[in-house]
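Structure at a glance
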There are 2 protein chains.
Amino acid sequence: MTQFTDPQTLSKTDLEAGTIFAPKFDANGLVTAVTIEAGTNEVLMVAHMNAEAIAETLRSGHATYWSRSREKLWKKGETSGELQELVELRTDCDQDALVVVVRQTGHGAACHTGRKSCFYRRVEMTEGEVGLSDTGEAPLFDPKEVYGR
Amino acid sequence: MTQFTDPQTLSKTDLEAGTIFAPKFDANGLVTAVTIEAGTNEVLMVAHMNAEAIAETLRSGHATYWSRSREKLWKKGETSGELQELVELRTDCDQDALVVVVRQTGHGAACHTGRKSCFYRRVEMTEGEVGLSDTGEAPLFDPKEVYGR
């Protein structure tokens, strides 16, 4: 089992300006992971990592998350082939969120819908009514073919 | 009180491909909000929004979050002057995360440490040991002057 430093043992200064990695996990043992494309910085997806997923990502060089729905370690692309090569991992000031900089392989689709990014819809308010509009991002693969459903 | 559509009332297709905004709030009534800079896509910060924060962000045109530590609505920059002008709001496939595209005003610092971005440290593994290295991002304001602490 992977153990990192408990952030509660660090001073605020050490937590926010130091060199000790002390991820602040939530009640479920998870931190938020924002995955962006190297070069363009485009946000591809938002997922979660536990200690094991962080360690495995650093060890293997491939983005690995914790699947909350399947309750297991999730090497991104293990089913779809859309692996994510780790370029850089960053943490934020209070160490409760990570930015995962990746090269998206395969068809270049991080989203299970086959799109490059999960963020393919705008939230807009028109005359007081809130709705979504599609940005027109085309699917790069057919989910039915890839996932068989 | 702001009410959005309950995502559980939507089919998977409507949730993931439709035009109805139905944010999937967690047990605390929050969704993850990833704030990026318009133009560069640089990730500035990760915070949370409840229904009221989302509505206020859309209504006012300034990024407004829910502060988990202060347990109140948090108009970003209300103390520091570092307001965030909303350029675009996006939601992801299953509507449990938002990307907030902003123009960062003031000194251009989203982070309470005075830096542009909260993600100013890399997580690196060297000879099996995980540690942080600073990217050298310079503070754009002095937190002691701005927050008086």
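Presented here is an overview of the structure given in this document.

Reading the values: rules and limits
- Residues numbered from 1 in each chain as written.
- Chains lettered and ligands numbered in written order.
- Predicted model: local features only at pLDDT ≥ 70, side-chain atom pairs only at ≥ 80, totals over all residues.
- Heavy atoms only, no water.
- Helix = DSSP H or I, 4+ residues; strand = E, 2+ residues; numbered from the N terminus.
- Buried < 20%, exposed > 50% of the residue type's maximum accessible area, 1.4 Å probe, protein only.
- Contact = heavy atoms within 4.5 Å.
- Least-squares fit on C-alpha atoms with pLDDT ≥ 70 in both.
- Salt bridge = Lys/Arg side-chain N within 4 Å of Asp/Glu carboxyl O.

A few words now on the environment of L140 of chain B. All names here are of chain B. Tracing the chain through its elements places L140 in the loop between β8 (129–134) and α3 (143–147). Look at L140 and you get partly exposed, because its relative accessible area is 39%. Sequence separation between L140 and A110 is 30 residues; the distance between their C-alpha atoms is 9.7 Å. With residues up to four places along the chain from it excluded, the contact list for L140 reads H107, G108, A109, G114, R115 and K116.

All right, on to the relation of the copies chain B and chain A then. With an RMSD of 0.0 Å, chain B superimposes on chain A once it is rotated by 180° and translated 0.0 Å along the axis. The two molecules are tied by a two-fold rotation axis, judged by turn and shift. Minimal C-alpha separation from the rotation axis in chain B is found for N41 of chain B, amounting to 2.7 Å. In this assembly, 100% of the residues forming the interface of chain B have copies in chain A that are likewise at the interface, indicating an isologous arrangement.

To continue, consider the pattern of salt bridges. Inspection of the entire model under this criterion finds 18 salt bridges over all chains. Shared partners join several salt bridges into a network, and the residues in it are E37, E42 and K116 of chain A.

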